[in-house]
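# Structural overview for review
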Amino acid sequence: MADRLSLLAWLLALLQTLLFIALAPLFSGWVKRMKCYLQNRQPPGWWQPYRDLRRLLSKDLVISHTASPIFRITPYIVCGTAILAASVIPFIVINVPIGSMADAIVLVGVFALGRFFVALAGMDVGTSFGGMGSSREMTVAALAEPAMLLVLFTLAMVAGSTNLATIVTHTLGEPLVLRPSLLFSLAALILVSIAETGRVPVDNPATHLELTMIHEAMILEYSGRHLGLIEYSSQIKLMIYAVLIANLFFPWGIAQSTTPLELTTALAAVLAKLGLLGMLLALVESVVAKMRIFRVPTFLAVAFTIALVGMLSAIILEAGA
Amino acid sequence: MSSYAQLPVLEQAILTLSALVLLSSFALLAQSRVIATIKTFAIQGMLLTAGTLLVAADSGERQLYISALLTLLLKVIFIPWLLIRQSRKLGILRDLDTVIRPGFLLLGASAMVIFCYSVAQPIERFAAGITRDAIALSLAVVMLSMLMLITRRKAITQVVAFMTLENGLFFAAVTTTQGMPMVVELGVAFDVLVAAIIFGIFFFHIRDSIETLDVNQLSRLSEADE
Amino acid sequence: MSDQGITELLVAIAVGGSLGAALLAMLADHYIKYARWLVFVPLGISGVSSTMAGVGVLFGLPTFTITLPLGLPWLHWHLNFDLLSSFFLAVIGIVTVAVSIFGPGYVRDYERGHYSQALLGIATGLFVAGMQLVVLADDTFAFMIAWELMSVSSYLLVAYEHHESANRRAAFIYLLMAQIGAVLILLAFGVMSGFGSDLSFTALRTNELTPLWQTIAFTLALLGFGMKAGIVPLHIWLPEAHPVAPSHISALMSGVMLKIAVYGFIRFTFDLLGSPQWSWGVAVLIIGSITALFGVLYALMQHDLKRLLAYHSVENIGIIYIGLGLAMIFFGSGFPKLGLLGLVGALYHTLNHALFKSLLFLGAGAILQRSHEHSLEHMGGLIRHMPWTAVFFLIGCLSISALPPLNGFVSEWLIFQTALQATVLEGGVLRAIIPLTAAVLALSGALAAACFVKVYSVVFLGVGRAKRVRHVHEARPSMVLAQALLAGLCLLFGVLPTLTVAALGRVTQALTGEGLASATRYGWLWLTPVSPKVASYSAPLVALGIIIALSVWVVIYFWVRSSRSGSSIVIRDPWDCGFGSLTSRMQYTPSAFTMPIRQIFQPAFLVHEDNVREMDPQLPTRPAQLRYNMHVEDITWNAVYRPVENAIHKASRLVGRIQTGHLRHYLAYSFITLLVLLWLIA
């Protein structure tokens, strides 16, 4: 483990994290652009998400008189946990020392920490909207956890570890294999990601009707730099799930050593994969209708079943002896 | 685990298709719309056709190509068309069939799959090739279709469940023994076809008799004192 | 003084302190002003001494075994203080210290009441002494005496406020189930001893039983200790008894007494029975999963704060049993190192639960004392009036929801890692069931987080839902200090898991002879259960990462604030959609918060709903008053307990036919008995 603490490795990890969080608004902007193209609208500029964030950071804060200190510290905790999670993902280079500090289960836990505080902040103000958002968000999160865990289990069973870097290395090391377990885990992970990041059909991130909101209702009271931080952390979270889907299941192109050539090819590869995923997400959001809240458990049950069949395939079909 | 990676791609594809067939069985269990049930059945038929073609390519048995063609004609095209036509005439095409407690049902189905796996393990030691792992899955498909027979109320979905049963048996035959003798194959296929046609005729009779196709109401036909 | 002498002295002070507290409490009614100090000072000394003894032995002091000249003439009391006992004694000690610091402030309110302070003090002292003696006991007789001491004194504490009939009923159920459990445990010990005469644990360890008798003994022990621990469906006394007792006693009961039952189970299975069979492990695993899910689902539906916490204890016991079940499966299948991992996870969760559950109960006690409000439906906005309690309660909520970097997360992570190793097992069925139980564990963990979001936000955040809670004060400093102590320990055990795992590894090594070197091979920074390639978790670094990420933002915040003078904070009313005049009644109530979950998991509950509308007499279609009442009843009452109760009634009625009332029949009974005896003797 001594090599994990070398200064160069940590510097590389820091740079990778900074690049990750710098690109996150760009990814959300890309998804919005694709939706605009599909809906025959004129898309905003490429740098619009950054301009939005800068505008929010400079605005006044309006805080309700019923809010407590929890309301004020939540945006910082949420953004901090999102950045921490982003630093653990194998984005361009596989082996970063931060990666061995937290495995996939810790990643899920870190997201849960952020979500706990946002749900508290939703209830903090003492209005119905916040309570509704918190209640729905915690329900959806609770139902998505088993499916997420089964996906992680299947991956761990195939690769022999919950460490993200090890899983990626394992997939790279194998020849081109068509595993039913990974196919089902991919499908389940896509469904769970939609639920966790709050996209259509679970939740509409662009809605302005309070009764249809889940995530937006929790952050309804936020303004100014608090809102900017929370929006930014949602963008980081979306990018994290996208990079997970791209690099865990289709890791080809990722850098296994730190030569400049490998790094540039890795960056190009991951950007291409993200672009493709963004297009798919925009397509799904434009074609599929948002479900009402009590159909979401069925959606998550489907995700759970697919993950379960994937795990059973791993045991029954792929175990060998 | 790496022993899986060493299998030829064709065999991996066969195993993947087996898993997809199992997934379609789960989907049939949880599906409540009549029209979606019939369409899922057609998809399952297509997966079976693809699987049969792959097994044919892998093992070189010529008759499997004919089996695949037969499956395609019957289970993907003709029987779904027949069922949809009957449903449209009876006016039940857009109906919903109640699925009791889908959550428990899915859990019970998973338990069934695990049970079939444990039952099939001794058999697997005697079969050869990769297809022995698919025995557990085919047994599970048969069990799941029986579960579907028990938990449905409308006659039309019960017929689909019965067809799925036959699908499971066919699948077991294809993967373990590279198909049944042609005579048996043709016989079973025509039996299924005749069954579908006769069911269609019976639907009209039942509906005339008790004015509904809800299977629970068939108990009204009993002559015992109420 | 020799090292062994130090250990013996510390243990003697520990037990003597709690017994001394009981003794001194007899004077409490005469010296009411000093009653608190008479009880809690010796109790505190006892707690400190227990902790020192426990931690000392874990880190190197020697163990000891002695025989006291108490008990029956042919069966003296054997006491054995080994590593497992030391761990549990340390757990007892830590919670006792916290309760002793909390106690004086809390008990002050009972001084003016009509309940006897002496009884409270005596029972508390005996309760702690009983628990300590259970952990020390080395033969059946001593064990059962200590166990009964613990049960009866806790019954007195549960029935303390006996003027309410609901409390008396709860205490009765508690006593009944405790006694049934004790009988089952006694039978289990009896089977283990081969129905022979030597009842010391050393004899029980070496006694050879056939597998059938081993399974019978195991089943009896599972049911007996399970009844005390609170596994489903034997948990029914927990949510009745824990809310009724005074809050610091609830902390002791939930935090420590349930762990003593776990101690008994571990001692019986891993020590006395020796090598557990894997089929037992499957049963324990399934029972644990059902308990965990059931506990958390019912906890979500409660609106009494302490009852909710009691159901969460059920859930956490389920998690401990999941860990124990995994350990048994791996031990029984020949993978002792993985079995150890499960055992370490279960023991770690035992420690964690003791800490955060006591913390939560003490916080609930503070809230109860200040607001006199039991129901969540009337609370709200307490963070402004009780800021310190709010901070420490938050740490308790974060810990129990298994969120990094606190301690609850580490033990759940260890149990997940153990479950993940299921691929090494041979049976395909086991390899499928274990990940499913892990999925159930994930579900219950996520539901627990939802529940504690509800609890914290309904109690502390928002606006007070009843007038009473808008004018409360912060709890007394001693009460806050006790909570701070426990919260600090939660944080400590979350950030330094490797040291704790090393210590626990020593416990399990003494128990089973295997070591867990791989988990801690890389120093205090990394926790690598199986190997670094498989999984590694560095709690200090994660905590550091969170702090760094937060401080970066704080720096940016100050930089932004200083460079832009225009940005300011405006305090306004919350968003009301333009309708105006928001009241506290428009907030989400706790029942509203959990409504989606109640609807989704509806088959598991027995919901009694009551919707009363009083129409306006002048305008018959307009309701003048709406009253909505919802109560979720425990489904095991109807499913398990009522049928048993009916069966017992029927059987009693059948037997009762013997009492016919006719003199001739009674004479006939004597006559027949005499005939049978003569025939037997002949």
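Residues numbered from 1 in each chain as written. Chains lettered and ligands numbered in written order. Predicted model: local features only at pLDDT ≥ 70, side-chain atom pairs only at ≥ 80, totals over all residues. Heavy atoms only, no water.

Turning our eyes to something else, we now look at the overall build of chain B. Looking only at helices and strands, one finds 8 helices and 0 strands in chain B. Reading the helices (α) and strands (β) of chain B from amino to carboxyl end gives α-α-α-α-α-α-α-α. Counting every position in chain B, which comprises 226 residues, the buried fraction comes to 50%. Taking all contacts inside chain B whose residues are at least 6 apart in sequence as the whole, residues at least 24 apart take part in 72%. Carbon and sulfur atoms provide 66% of the accessible area of chain B, an area that totals close to 10800 Å². (Helix = DSSP H or I, 4+ residues; strand = E, 2+ residues; numbered from the N terminus. Buried < 20%, exposed > 50% of the residue type's maximum accessible area, 1.4 Å probe, protein only. Contact = heavy atoms within 4.5 Å. Areas by Shrake-Rupley, 256 points an atom, 1.4 Å probe, with all protein chains shown as cover.)

Further remarks concern the overall build of chain C. Helix and strand counts for chain C stand at 23 helices and 5 strands. The globule rule puts the C-alpha radius of gyration for 682 residues at 26 Å, and the 27 Å found for chain C is close to it. When each of the 682 residues of chain C is scored for burial, the buried share is 59%. Relative to all contacts within chain C whose residues are 6 or more apart in sequence, the contacts with residues 24 or more apart total 79%. Per element, the accessible surface of chain C, about 26700 Å² overall, is 66% carbon and sulfur. Charge centroids of chain C, computed over 39 positive and 32 negative side chains, lie 7 Å from each other. (Rg over C-alpha atoms; globule rule 2.2 N^0.38 Å. Lys, Arg positive; Asp, Glu negative; His and termini not counted. Charge placed at Lys NZ, Arg CZ, Asp CG, Glu CD.)

Turning our attention to the interface of chain A and chain B. Counting from both sides, the interface comprises 23 residues of chain A and, opposite them, 23 residues of chain B. Carbon and sulfur atoms make up 75% of the area that chain A and chain B hide from each other, which totals about 2100 Å². It is A:Leu178, A:Ile316 and A:Leu317 that lose the most area in chain A upon contact with chain B, and together they represent 30% of the buried surface on that side. The interface formed by chain A and chain B includes 0 salt bridges. Our count for the chain A to chain B interface comes out at 0 residue pairs in polar contact (both at pLDDT 80 or more). (Buried area = accessible area lost by both parts, 1.4 Å probe. Salt bridge = Lys/Arg side-chain N within 4 Å of Asp/Glu carboxyl O. Polar contact = N/O pair within 3.5 Å; in protein donor to acceptor, adjacent residues only side chain to side chain.)

Residue and element names in this part refer to chain C. Taken across its 7 residues, strand β2 (residues 75-81) has 5 buried, putting it largely inside the fold. Of the pairings in the sheet, the one linking strand β1 (residues 64-72) to β2 comprises 7 bridges and is antiparallel in character. Within β2, the position partnered with Thr 65 by the bridge is Asn 80. (Pairing = 2+ DSSP bridges.)

Our focus in this paragraph is the interface of chain C and chain A. At the interface, 79 residues of chain C touch 80 residues of chain A. Summing both sides of the interface, chain C and chain A together bury roughly 6800 Å²; the carbon and sulfur share of this comes to 75%. Remark: the boundary between chain C and chain A carries 13 residue pairs in polar contact (both at pLDDT 80 or more). Elements with a contribution of two residues or more to the side of chain C that touches chain A: α14 (387-400), α15 (407-420), α16 (428-459), α19 (539-563), β3 (569-572), α20 (590-593) and α21 (595-600) of chain C.

Next up on the list: the domain arrangement of chain C. On domain assignment, one finds that chain C holds domain 1 (1-206 + 246-251) and domain 2 (639-681). The C-alpha centroid of domain 2 of chain C is placed 41 Å from the C-alpha centroid of domain 1 of chain C. (Domains from an automatic or database assignment.)

Here we come to the environment of C:His114. All names here are of chain C. By the secondary structure assignment, His 114 is in the loop between α3 (83-107) and α4 (117-136). Of the residues examined, His 114 reaches a relative accessible area of 65% and is grouped as exposed. Sequence separation between His 114 and Glu 161 is 47 residues; the distance between their C-alpha atoms is 9.1 Å.

Scanning the model with the defined rule gives 34 aromatic pairs over all chains in all. Judged by centre distance (6.3 Å) and plane angle (25°), the ring pair of C:Phe393 and C:Tyr456 falls under stacked. Pair noted here: C:Phe393 is in helix α14 and C:Tyr456 is in helix α16, with a separation of 63 residues, a long-range link. Exposure class is identical for C:Phe393 and C:Tyr456. Each is buried. Three or more aromatic residues joined by ring pairs form one cluster here, namely C:Phe143, C:Trp147, C:Phe189, C:Phe201, C:Phe225 and C:Phe268. Above the plane of the ring of A:Phe111 lies A:Lys237, whose end atom (NZ or CZ) is 5.3 Å from the centre. Its guanidinium or amino end placed over the ring of B:Phe170, B:Lys75 lies 4.8 Å from that ring's centre, counting from NZ or CZ. (Phe/Tyr/Trp six-rings, centres within 6.5 Å; stacked < 30°, edge-to-face > 60°. Lys NZ or Arg CZ within 6 Å of the ring centre and 35° of its normal.)

Another aspect to go through is the pattern of salt bridges. The tally for this structure, following the rule as stated, stands at 14 salt bridges over all chains. A:Glu145 is paired through a salt bridge with A:Arg115; the nearest N and O atoms lie 3.7 Å apart. Separated by 30 residues along the polypeptide, A:Glu145 in helix α5 (residues 128-159) and A:Arg115 in helix α4 (residues 104-124) bring together distant segments of the chain. What makes A:Glu145 buried here is its relative accessible area of 13%. Take A:Arg115: its relative accessible area is 8%, and that puts it in the buried class. Across the pair C:Arg468 and C:Glu373 runs a salt bridge, and its minimum N-O distance is 2.8 Å. With C:Arg468 in the loop between α16 and α17 (477-495) and C:Glu373 in the loop between α13 (336-371) and α14, this residue pair connects regions lying 95 residues apart in the sequence. The buried category is assigned to C:Glu373, whose relative accessible area is 6%.

Residue and element names in this part refer to chain C. Taken together, Leu 9, Ile 13, Leu 24, Leu 27, Tyr 31, Tyr 34, Trp 37, Val 41 and Ile 45 make up a surface patch of nonpolar side chains, about 840 Å² in accessible area. At the level of elements, α1 (3-25) and α2 (35-58) are the ones that each hand at least two residues to the nonpolar patch. With respect to the helices and strands, Tyr 31 occurs in the loop between α1 and α2. Of the residues examined, Tyr 31 reaches a relative accessible area of 47% and is grouped as partly exposed. (Patch = residues over 30% accessible without salt bridge, like charges linked within 9 Å, V, L, I, M, F, W, Y side chains within 5 Å.)

Ranked by internal contacts, the top residues of the largest apolar core, which has 399 residues, are A:Phe116, A:Ile236, C:Phe143, C:Trp147, C:Phe268 and C:Tyr456. Listed in part, the 8 residues of the second largest apolar core include B:Val55, B:Phe170, B:Phe171 and B:Val174. (Core = buried A, V, L, I, M, F, W, Y, C linked by side-chain atoms within 4.5 Å.)

A separate point is α5(A). All names here are of chain A. Helix length check: α5, at 32 residues, gives a terminal C-alpha distance of 46 Å against a target of 46 Å (1.5 Å per residue), a fit within 8%. Along α5, the helix axis deviates most sharply at Glu 145, where the bend reaches about 30°; the proline Pro 146 sits within four residues downstream. Within α5, 31 of the 32 residues are buried, which leaves it mostly tucked inside the rest of the structure. (Expected span 1.5 Å × (residues − 1). Bend = angle between axes of the 7 residues up to and from the residue.)

Our next topic: unusual backbone geometry. Residue A:Val200 is joined to A:Pro201 through a cis peptide bond whose omega torsion reads 5°. Looking at the element boundaries, A:Pro201 is found in the loop between α7 (180-197) and α8 (215-218). Residue C:Pro405 is reached from C:Pro404 by a cis peptide bond, and omega for that bond is 0°. Relative to the helices and strands, C:Pro405 is located in the loop between α14 and α15.

Scanning all chains against the criterion turns up 15 cavities of 30 Å³ or more. Taken as a whole, the largest cavity spans an internal volume of roughly 290 Å³. When residues of the lining of the largest cavity are traced back to their parent elements, those giving at least two are α4 and α5 of chain A together with α15 and α16 of chain C. Here the residues of the lining of the largest cavity sort into 18 nonpolar, 3 polar and 3 charged. (1 Å grid on protein atoms, 1.4 Å probe; cavity = no way out; pocket = protein on both sides within 12 Å on 5 of 7 lines; lining within 4 Å. Points joined across faces, edges and corners; volume = space filled by probe spheres on them. Nonpolar A, V, L, I, M, F, W, Y, C, P; charged D, E, K, R; others polar.)

Detailed reading of the predicted model is not advised wherever pLDDT is low. Taken over all residues, the pLDDT of chain C has a mean of 87, while the share at 70 or more is 96%. Scored by ipTM, the complex comes to 0.93, with pTM at 0.90. (pLDDT = per-residue confidence, 0-100.)

Now for the environment of C:Leu347. All names here are of chain C. Examined against the element boundaries, Leu 347 turns out to sit in helix α13. According to the relative accessible area criterion, Leu 347 is buried, its value standing at 1%. Sequence-wise, Leu 347 and Arg 572 are 225 residues apart; in three dimensions their C-alpha atoms are separated by 50 Å. Once residues within four sequence positions are removed from consideration, Leu 347 is found in contact with Phe 87, Phe 88, Ile 266, Leu 504, Val 507 and Thr 508.

Residue and element names in this part refer to chain C. Contact pair α13 / α14: the axes reach a minimum separation of 9 Å and the direction vectors enclose 145°. Here the hand of the crossing between α13 and α14 comes out left-handed. Here α13 contributes Phe 356, Lys 357, Leu 359, Leu 360, Gly 363, Ala 364 and Ala 366 to the contact with α14, which in turn contributes Thr 389, Phe 392, Phe 393, Ile 395, Gly 396, Cys 397, Ser 399 and Ile 400. Its residues assigned to classes, the contact of α13 with α14 shows 10 nonpolar, 4 polar and 1 charged. (Axes fitted to C-alpha atoms, helices over the stretch in contact; angles between N-to-C directions. Left-handed = near helix turned anticlockwise from the far one by under 90°.)

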